[in-house]
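Structural description and commentary
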Amino acid sequence: IADARHEAARRGQALHIEAQTRSASISSSGPAWCWSVATSAACPCGEAATAPTATTATTAGTCRLKTVPAEEHPGVSLVQSQAVHVQPDGQASPVLAAVFAAGGRQLQVQVSRFGRARVCDPAGASGRVPRC
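These numbers come from a predicted model, not from an experiment.

Rules behind the numbers
Residues numbered from 1 in each chain as written. Predicted model: local features only at pLDDT ≥ 70, side-chain atom pairs only at ≥ 80, totals over all residues. Heavy atoms only, no water. Disulfide = S-S within 2.5 Å. Helix = DSSP H or I, 4+ residues; strand = E, 2+ residues; numbered from the N terminus. Buried < 20%, exposed > 50% of the residue type's maximum accessible area, 1.4 Å probe, protein only. Pairing = 2+ DSSP bridges. Axes fitted to C-alpha atoms, helices over the stretch in contact; angles between N-to-C directions.

1. Comments concerning the state of the cysteines
- According to the stated counting rule, one finds three disulfides in the structure shown.
- Paired through a disulfide, Cys 43 and Cys 63 show a sulfur-sulfur distance of 1.9 Å. Handedness of the Cys 43-Cys 63 disulfide follows from its S-S torsion of about 105°: it is right-handed. Residue Cys 43 is located in the loop between β2 (30–38) and α2 (60–63), and its partner Cys 63 is located in helix α2; the two are separated by 20 residues in the primary sequence. With respect to burial, Cys 43 and Cys 63 carry one shared label: buried.

2. A look at the sheet that holds strand β6 (residues 95–102)
- Spatially, β4-β6-β7-β8 is the arrangement adopted by the four strands of the open sheet, whose pairing is antiparallel. The outermost strands of the open sheet, each flanked by one partner alone, are β4 (77–81) and β8 (117–120). Each strand of the sheet is rotated relative to its neighbour by a mean of 20°, with strand direction disregarded.
- The sheet contact formed by β6 and strand β7 (residues 105–111) spans seven bridges and is antiparallel. Residue Val 95 lies in a different strand from β7, and its bridge partner there is Val 111.

Read these as layout, nothing more, since geometry by itself doesn't imply function.
Spelled out as structure tokens, the structure:
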């Protein structure tokens, strides 16, 4: 999120960050997920990279700046997510961006109105991650 915030300022353009379940990919542990940074909200990572977007003339492969698949985070599942829109001035709508689960625990990614991300533990069970 910090990198996307910097990139939005560098480009002078709003960027969209979203984690979502990929419908076309299901593993033995359930649906796979991904997160991406894109120039358009109509460019989710869950679609094929060559599929045209509904609202732009670009393709998902060109509007997506970065995509990270769940396979890069083994054992972690996406529980809940909401898109984050980072403005060129670094501001964002305050939001609970995502909830991830691993090893019987959940961690939340929260974004402040200043576009800063915070990871916290709603149960407060981790000594290394602050309680939400």
